[in-house]
Amino acid sequence: MRSLTFVFALSIAAGALAGCKQEPPKPAEAPAVLTVSAQAAAVRELPQKLEITGSVAAWDPMQVNAAANGLRVVEVLADEGAYVRKGQVLARLDDATLRAQVAGARARAASAQAQLQKMRNPSRTQELRTAEAALRQAEATAEQARDAHDRFKALASEGGVSQAELVARETAWASARAAADQARQRLSLTREGSRVEDLRMAEAQAAEARANVAQLEAMLAQTRVIAPEAGKIIQRDVHLGDVSAVGKAMFQMVRDGRLEVEALVPETDLGRVTPGQTATITSDARPDLKATGTVREVSPAVETASRQATVEIDLPRGVSFQVGMFVRASVQLGSVPTLAVPAAAIVAKETGSEVFVLEGDKAKARQVVPGARADGWVAIAAGLKPGEQVITAGVGFLKDGDKVDVAPALPAAPAQGQAPQAPAARGGGAGISH
C-alpha cells in the first residue's frame, strides 16, 4: 500500500515538472498587406476604332457575254487571274459563214454603187461624141433639104418643075428638120442623164446594199469576244467547243482590278463611320494578308431585318485578297476624349472585366466595361468615374476586400499583354509584411 502511494506521488510530481517546462502559445499572425501602385482614372484623348467584318468584293464587277448566237467557240485567249486591257480579244467564235456572207454583200454593194454612178453620169465620152456627131449630120441633112426646097420652089414659080416635085421637096425638108430635132433631144438626154425618179431609186438600192454590208460586218466583229474595260478576270465560264448564246456569261471581270470590302455596321455605330477614314483589313484564313483601305461610301439605307448598313472600303491595287474572302476591318475613327485607365489595371474574368478601386486601405473589385485600347491605356465605357483611384500594379495578387499599402511612386503603365509585376516588398522580402 505504501509503495502504490509512493508511485502515485512520483507521477504527480513528474507531471507537475513537465507542465512547468511547456512554452506559452504564440500570438495570432497579423493579416498580410500588399504593397501596390494606384492611379486616378482620367479623361484622355484616345484613338478610337470600330471592329467590323465583311467580305471582299469587286469594286465594279463586269460580266462578259457573247453577242453572237449559235456560233462554236474555236479559241479561248484569256484565263482566270489574268489582267487584260480594254479591247483585248478574250475568245473567238467560228466566223467562216459570216465571212462568206460579208464578201457577197460587198460585191452586191459594189454593183449597186456602179449602177448609181452610171445613172448619175450615164454618158461616157464615146456616147456623147456619137450623139453630137449624129446631131451634126441631122442638121446638115436638114440644111441640104432646105436648100433643095428653096431651089425647087424657085423653079416651080417659073414652071420648071411640077407641083408634085415641089411637094416632095417640102416633105423631105420637114423630115430632115424632125430628124435633127430628135438628134438634138438625144444629145440633151445623153448630157443630162437619167430621170430623177430612176436616180432616187438607184440611190436607195445602193444605200440598202451598204447597210447590209455594215450589218454583216458588225456580226462578224461579234465573233471576237473582247474585254469592255481593262481589269482582272476572276472567273472563266467558256471552253473550246461551246456554242455561244446571247446573255450567257463567258467571263467575270473586276474593272481595273479594284477590290473593296463590303462590311456591315450596326445602326448604333453608323454615325461614327464617314468616308475617308482608314481601315486595317486582315483575314483569319490568311494571317499573312494585311492591307490598309479607305472608307469610300456608307449606305444611306439600313436593313430592317438586321438593323445594319453596308460600308464599302476600297482596297489598294495589287493586294492578294480574293473576291468572296471573309475579312475583318478595323476602322480608325480618330481621337476622342474618353475616361481611361492603364491597361495593367484591367483584370479579365469569366464574368467580364474588372478593376480594383482604392477605398481607404482596401482594394474593392469593380465591374467595368472596357472600350478601345491604345498606347497602354484602355477606355472605360461604364463602371468608373473620373478621379477614382485604381490599382495599376499588383492586381494579379488581389482579392476583393484585401488590405493594401499604396507605394508613393507610380511606375509607368505596362503595355497590354505584359505580365503583371510582383508587388514590391515593404522593407524587403517577398512583398508581404507581417
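Note that this is a predicted model, so its numbers are computed, not measured.

(A) Up close: the layout of surface pockets. Computed from the structure, the second largest pocket encloses a volume of approximately 230 Å³. For the lining of the second largest pocket, the element with the most residues is strand β8 (residues 231-236), which contributes 3 residues. Residue classes in the lining of the second largest pocket are distributed as 9 nonpolar, 5 polar and 2 charged.

(B) Focus on empty space enclosed by the protein. For the structure shown, the criterion picks out 1 cavity of 30 Å³ or more. As for the largest cavity, its lining consists of V73, D237, V238, D242, V243, S244, A245, K248, A249 and M250. For the lining of the largest cavity, the per-class residue count stands at 6 nonpolar, 1 polar and 3 charged.

(C) Structural view of unusual backbone geometry. If you check the backbone angles, D256 has positive phi at about 60° while not being a glycine. Following the sequence through the fold, D256 ends up in the loop between β9 (249-255) and β10 (259-266).

(D) Seen up close, the sheet that holds strand β5 (residues 83-84). Ordered in space as β3-β9-β8-β5, the 4 strands form an open sheet in which the pairing is antiparallel. Here the strands that pair on one side only, and so sit at the sheet edges, are β3 (61-65) and β5. In this sheet, β8 lies alongside β5 in antiparallel orientation, the contact comprising 2 bridges. Counted as the bridge partner of Y83 is K232 from β8.

(E) Representation of the sheet that holds strand β4 (residues 73-76) within the structure. Overall, antiparallel pairing links the 3 strands, which are arranged β4-β6-β7 in an open sheet. Of all strands in the sheet, those bounded by a partner on one side alone are β4 and β7 (224-226). Geometrically, the sheet is characterised by an average inter-axis angle of 20° between neighbouring strands, direction not taken into account. As judged from the 3 bridges shared by strand β6 (residues 89-93) and β7, these two strands associate in the antiparallel manner. Bridging from a neighbouring strand, V89 pairs with I226 of β7.

(F) Fine view of helix α2 (residues 96-120). Between its terminal C-alpha atoms α2 stretches 37 Å, which fits the 36 Å expected from 25 residues at 1.5 Å a residue. By the burial criterion, the buried members of α2 are L98, V102, A105, A109, A112, L116 and M119.

(G) Molecular detail of the packing of aromatic side chains. Counted under the stated rule, the structure contains 0 aromatic pairs. Positioned above the aromatic ring of W377 is the side chain of R44, whose terminal nitrogen or guanidinium carbon lies 3.6 Å from the ring centre. Its guanidinium or amino end placed over the ring of W59, R258 lies 3.8 Å from that ring's centre, counting from NZ or CZ.

(H) How the structure looks around the confidence of the model for the protein. Here the protein shows a mean pLDDT of 80. Residues at 70 or above account for 84%. Here residues 1-20 is a poorly scored stretch, pLDDT under 50, and it has 0 contacts once near neighbours within four places are set aside; other chains count.

(I) Spatial organisation of the pattern of salt bridges. Per the stated rule, a full pass over the model turns up 25 salt bridges. When the shortest N-O distance is used, the salt bridge between R236 and D79 registers 3.1 Å. Highlighted residues: R236 in strand β8 and D79 in the loop between β4 and β5, separated in sequence by 157 residues. Assessed through its relative accessible area of 42%, D79 is described here as partly exposed. With its nearest N and O atoms 2.8 Å apart, the salt bridge here joins D181 to R184. Residue D181 and its partner R184 are both found in helix α4 (residues 163-192); the two are separated by 3 residues, about one turn of the helix. Judged by its relative accessible area of 39%, D181 is partly exposed.

What counts and how
- Residues numbered from 1 in each chain as written.
- Predicted model: local features only at pLDDT ≥ 70, side-chain atom pairs only at ≥ 80, totals over all residues.
- Heavy atoms only, no water.
- 1 Å grid on protein atoms, 1.4 Å probe; cavity = no way out; pocket = protein on both sides within 12 Å on 5 of 7 lines; lining within 4 Å.
- Points joined across faces, edges and corners; volume = space filled by probe spheres on them.
- Helix = DSSP H or I, 4+ residues; strand = E, 2+ residues; numbered from the N terminus.
- Nonpolar A, V, L, I, M, F, W, Y, C, P; charged D, E, K, R; others polar.
- Pairing = 2+ DSSP bridges.
- Axes fitted to C-alpha atoms, helices over the stretch in contact; angles between N-to-C directions.
- Expected span 1.5 Å × (residues − 1).
- Buried < 20%, exposed > 50% of the residue type's maximum accessible area, 1.4 Å probe, protein only.
- Phe/Tyr/Trp six-rings, centres within 6.5 Å; stacked < 30°, edge-to-face > 60°.
- Lys NZ or Arg CZ within 6 Å of the ring centre and 35° of its normal.
- pLDDT = per-residue confidence, 0-100.
- Contact = heavy atoms within 4.5 Å.
- Salt bridge = Lys/Arg side-chain N within 4 Å of Asp/Glu carboxyl O.

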